[in-house]
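Listed here are the chains, written in short residue letters.
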Amino acid sequence: MFEIEYRIICNEDDDYNGQNGYLKLSFNDKTYGDMYAEELDGIMEQEHLSFWFHELCLVVIYLEKHEYVVLNDVDSNNIWIEFKRKNDDLIVSIINNEDKDGRKFIEFKIDNPKIHKAFWGNEHISYTEFKEKIILASREYINYLNLYNSSNEVIKKLEHDMDLIDSKILTKFPK
């Protein structure tokens, strides 16, 4: 089972409405990220949501051609989300890798990945379910951005991601 949960938090100093908020990814009973209670909005650290949606869309695109993709959590200290695909089986781990400097967001090879001691590893989920839920959540997020903002480069980049997914991967998901 895979779930993606997010909540937009509007801040006065954001560049656009919907830039920041909370994001939680659930892989079976294991999670990465946090969804805090509303009374903690403005107190707890927030995620840059458009970055996360862009990178998760790229993970979906790359997993169509590669069996191994790792996504860097740039706000962390050498924490990566590892995705290993075998047909429709997707094995997800949170790994630590001191050898990578964190300048790239996505890699296709990491030497000697180790499950991060504070997290978990080897969660098996359906790749199809992962792909469908990332696409649906991304479209929902883009619709929000379009509703509350004038067009900007962030929205255009996310719409481009969806165009790539539509043209290269999917034709069966409604917009």
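Counting starts from 1 at the beginning of each chain's written sequence and moves along it residue by residue. Totals for whole chains, interfaces and linings use all residues, but because this is a predicted model, local features are given only for residues with pLDDT of at least 70 and pairs of side-chain atoms are given and counted only at 80 or more. Each side-chain value is worked out from all heavy atoms of the structure, with water and hydrogens disregarded.

With respect to the overall build of the chain
Helix and strand definitions here come from DSSP, where helices need a minimum of 4 consecutive H or I residues and strands a minimum of 2 consecutive E residues; each element is numbered from the N-terminal end. Across its full length, the chain carries three helices and ten strands. Each of the three principal axes of the chain carries a C-alpha extent, and together these read 45 × 40 × 30 Å. Remark: exposure states derive from per-residue accessible area (1.4 Å probe, protein chains only) relative to the maximum for the residue type, with buried under 20%, exposed over 50%, and partly exposed in between. Out of the 175 residues belonging to the chain, those deemed buried represent 47%. Across the chain, every contact between residues at least 6 apart in sequence was considered, and the portion connecting residues at least 24 apart equals 60%. With residues, only the protein chains shown are counted as cover, and all accessible areas are computed by Shrake-Rupley using a 1.4 Å probe. Accessible area of the chain: about 9,400 Å², with a carbon and sulfur share of 47%. Charge counting treats Lys and Arg as positive and Asp and Glu as negative, with His and both chain ends excluded. One atom stands in for each charge, and that atom is NZ of Lys, CZ of Arg, CG of Asp or CD of Glu. Averaging the coordinates of the 21 positive side-chain charges in the chain and doing the same for the 35 negative ones gives two points 8 Å apart. Note on definitions: a residue-residue contact is assigned when non-hydrogen atoms from the two residues lie within 4.5 Å.

Describing the packing of helix H1 (residues 49–63) against helix H3 (residues 153–168)
Axes here mean lines fitted to C-alpha atoms, for a helix over just the part in contact, with angles spanning 0 to 180 degrees between N-to-C directions. At a closest axis distance of 10 Å, the pairing of H1 and H3 adopts a crossing angle of 20 degrees. On the basis of their axis angle, the class for H1 and H3 is roughly parallel. The crossing of H1 and H3 is left-handed. Packed against H1, whose contacting residues are Ser-50, Phe-53, His-54, Cys-57, Leu-58 and Ile-61, the element H3 presents Val-154, Lys-157, Leu-158, Asp-161, Met-162, Leu-164 and Ile-165 at the interface. Each residue is assigned to one of three groups, with Ala, Val, Leu, Ile, Met, Phe, Trp, Tyr, Cys and Pro labelled nonpolar, Asp, Glu, Lys and Arg labelled charged, and all others, Gly among them, labelled polar. For the contact of H1 with H3, a count of residues per class yields nine nonpolar, two polar and two charged. With respect to orientation, any angle under 35 degrees is reported as roughly parallel, any angle over 145 as roughly antiparallel, any angle of 65 to 115 as roughly perpendicular, and every other angle as oblique. Left-handed is the label given to a crossing in which the near helix is rotated counterclockwise from the far helix by less than a right angle, and right-handed is the label when the rotation is clockwise.

A short note on the nonpolar core
The tendency in soluble globular proteins is for nonpolar side chains to be buried as a group. To qualify as a nonpolar core, a set must consist of buried Ala, Val, Leu, Ile, Met, Phe, Trp, Tyr and Cys residues joined through side-chain atoms within 4.5 Å. Counting 44 residues, the largest nonpolar core has Ile-4, Phe-27, Phe-83, Phe-130 and Tyr-141 as its most contacted members. Contributions of two or more residues to this core are made by strand S1 (2–9), strand S2 (20–27), H1, strand S5 (68–72), strand S6 (79–86), strand S7 (89–96), helix H2 (127–148) and H3. Ranked by the residues each element gives to this core, the list is headed by H1, at eleven residues. Excluding its chain neighbours within four sequence positions, the residues that come into contact with Phe-130 are Phe-2, Phe-27, Val-59, Val-60, Leu-63, Phe-83, Leu-90 and Ile-125. Counting five residues, the second-largest nonpolar core is a separate cluster that includes Tyr-68, Val-70, Trp-80 and Ile-95.

Concerning unusual backbone geometry
Unlike most non-glycine residues, Asn-28 shows phi in positive territory, near 60 degrees. Among the structural elements, Asn-28 can be located in the loop between S2 and strand S3 (30–34). One non-glycine residue, Asn-112, adopts positive backbone phi at about 55 degrees. We classify Asn-112 as exposed; its relative accessible area is 58%.

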